[in-house]
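Residues per chain, in single letters:
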Amino acid sequence: MESLAHDLRTMQRTPLHDSHVEHLRHIGEVVERKAGDVLFDLGDPMDTFYYVLDGEVEAVDAVTGERYGDGATLGPGQFAGEISLLTGGGSMLPMRLVQDSRLIAVPREALLEAMARVPEMSDIIVTVISARRRRLLESNDASLTLIGMDESKEIRAIAAFAARNRIPFRTPEDDPEEAHEVAEACSLDLKGPAVVFGKDRVIHDPTPRKVAQLFGLDLDLDEERTYDVLIVGGGPGGVAAGVYAGAEGLCALVVEDATIGGQAGTSSRIENYMGFPTGISGADLCWRGEVQAMKFGTRFAVPRRASAIERIGAGEGGPGFRVTLDDGTPVCARAIVVSTGVQYRRLPLDRLEEFEGAGAYYAATDVEARFCRGTEVVIVGGGNSAGQAAMFLSRYAKCVHVLIRGDSLADSMSTYLRDRLEADAGVAIHYNTEVEGLEGDDHLSAVRLKGDGAAELDGRIDTRALFIMVGAAPNTGWLDGLIETDAKGFVLTGDAVGRDSPFETSCDGIFAVGDVRAGSVKRVASAVGEGSVVISKVWEHVARVRDETGAAQAAE
Ligand SMILES: Cc1cc2nc3c(=O)[nH]c(=O)nc-3n(C[C@H](O)[C@H](O)[C@H](O)COP(=O)(O)OP(=O)(O)OC[C@H]3O[C@@H](n4cnc5c(N)ncnc54)[C@H](O)[C@@H]3O)c2cc1C
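About the criteria used
Residues numbered from 1 in each chain as written. Predicted model: local features only at pLDDT ≥ 70, side-chain atom pairs only at ≥ 80, totals over all residues. Heavy atoms only, no water. Salt bridge = Lys/Arg side-chain N within 4 Å of Asp/Glu carboxyl O. Helix = DSSP H or I, 4+ residues; strand = E, 2+ residues; numbered from the N terminus. Buried < 20%, exposed > 50% of the residue type's maximum accessible area, 1.4 Å probe, protein only. Expected span 1.5 Å × (residues − 1). Contact = heavy atoms within 4.5 Å. Near = heavy atom within 4 Å. Polar contact = N/O pair within 3.5 Å; in protein donor to acceptor, adjacent residues only side chain to side chain. Areas by Shrake-Rupley, 256 points an atom, 1.4 Å probe, with all protein chains shown as cover. Nonpolar A, V, L, I, M, F, W, Y, C, P; charged D, E, K, R; others polar.

One pass over the full model with this rule turns up 31 salt bridges. Residues arginine 499 and glutamate 504 are paired through a salt bridge, measuring 3.7 Å at the closest nitrogen-oxygen approach. We note a salt bridge from aspartate 508 to arginine 544, for which the minimum N-O separation is 3.7 Å. Taken together, the positions of aspartate 508 in the loop between β27 (472-474) and β28 (510-512) and arginine 544 in helix α14 (residues 524-555) put the pair 36 residues apart, joining distant regions of the chain. Since its relative accessible area comes to 35%, aspartate 508 is described here as partly exposed. On the basis of relative accessible area, arginine 544 is assigned to the partly exposed category, the value being 38%.

A few words on helix α9 (residues 282-295). If you check α9, its first and last C-alpha atoms are 20 Å apart, about what 14 residues at 1.5 Å a residue would give, namely 20 Å. The buried fraction of α9 amounts to eleven of the 14 residues, a majority that puts the element mostly inside the structure. Regarding α9, the residues found buried are Gly282, Ala283, Asp284, Leu285, Cys286, Trp287, Gly289, Glu290, Val291, Ala293 and Met294. Elements in contact with the buried residues of α9: α2 (84-87), α4 (119-138), α8 (236-247), β14 (299-301) and α14.

Moving on, we get to the site of the ligand. Not every one of the 36 residues close to the ligand is listed here, only the nearest: Glu256, Gln263, Asn272, Tyr344 and Gln388. A distance of 2.8 Å separates an oxygen atom of the ligand from a polar atom in the side chain of glutamine 263. Within the backbone of arginine 523, a nitrogen or oxygen atom sits 3.2 Å from an oxygen atom of the ligand. Here the ligand, which alone exposes 1000 Å², has 93% of that area covered by the protein. Contributions of two or more residues to the shell around the ligand are made by α8, β18 (342-344), α12 (384-393) and α14. In terms of residue class, the shell around the ligand is made up of twelve nonpolar, 17 polar and seven charged.

In structure tokens form, the structure reads like this:
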């Protein structure tokens, strides 16, 4: 019985078939390891898959060094490994031999090739390793410890990054005894906020990038390599493109600036996506897509932002494009899919920047909800994202105040959502009301109001949580004018630029999908649909470029 992941109760495990084990023997080698040997230490690259023939393997709690979880171990017929096997990232769950054991060791690349050829084996492995990650996410015994969430904006930013990118973390302040133990384990003074990796490795000046590096999520990119397609943006559109690109055999890389899932990742409940009658969180949906894409060989690099793009010729790794990432790393590709979506507009308020992450937020997920328990919450905006946020936060807050600039929600919010808001006793809608100013010391403590509706609230609301959801602008600045956009910056495609395909831009080899595309329907399903179908055109383009390059080389 698989015993590391509780979720396997619902994700029924089928053992690997004899023919799968034979396959593993063929592509790997049988190795013997001694009791106490470590298969993977925390952060080690997951470059080998181990199938247990005889003996016993235990997962190890990276903080205590003791056996992980409820004491379960892996025996013959089971395998050691977790989701980082798909990415080549670092191990989040150390594994150690309990007894002398015989194992089949399979190099990661060989395993991935075999998984692509034997889908039944792939399904079993993916199911088990996904469940193990889920188990880590749902428990409070991860290898990354965040201390000081409540007082530090930086730690909150790390928590948001980790939560949205499915990096398990623990927050021991909920348990003072555990917090004390962590502090004692670290030789450094841990009175203030801190990020600790494993037992005692303190991450100084923590940033999302540094945390991603611990797990190999930002990928050490090979600058010499030319990808078939570089997908810029890991929202639903980009993830779907990643799935189809991998499935169609294209060598694909997705670079994502912040969080796989994009805007959808900030929605706790998407109710109108086909196939999920009781709704699904956007983060969960995109996580499934990411695992699926990785299974097909697509790589993801997070957090990495595309900051510039240029065309390159045959001698420079092309013909194609060179995209420069924010740290100066160049990435070359034969085709580009632009799926950079949109980002929330800010409000023109003094001190807003100061309070961002310290009371002013642009997304309402579990991380932000934590700061809203029993308090007054203010949401600015009358669109669907504001409505969903209000419904979600009303489960935690004393009262959610939704501020609407106009006098109706009829034109901006879906009817079902409007009806629910109006019926929710925990939500108060204030029409003709706007935020005029922000107050607080190092954290937001109140908002001052203006407009006809402000008087009935005495012109202010004492609050520690303001959610700004007032529309969005396209993320197209990095495209450097290489492709045509409309006046608002949305990418023009198809007929508008004389192309046959609705997703081709004015520049041959660059495609655009999802919210960033002018005229697209701004929904998860349409972004996913566009990201999926664009790949057939990308494939044609890549095949043509390869043929032309091959012909040119043959002629030389
Ligand atoms: C709170 C909320 C609730 C929603 N609820 C629903 C719903 O219930 N149903 C529904 O159908 N739709 C919903 N939507 C809309 C839906 O989420 C979007 O239409 C969808 O996410 C668009 O997908 P996308 O891939 O085009 O772009 P996005 O989701 O915007 O993703 C773009 C990604 O690109 C990244 N990026 C941007 N610039 C760069 C760069 N230079 N380099 C690298 N990466 C970059 C961003 O970080 C982002 O992750 C909701 C939106 C929000 C905000």
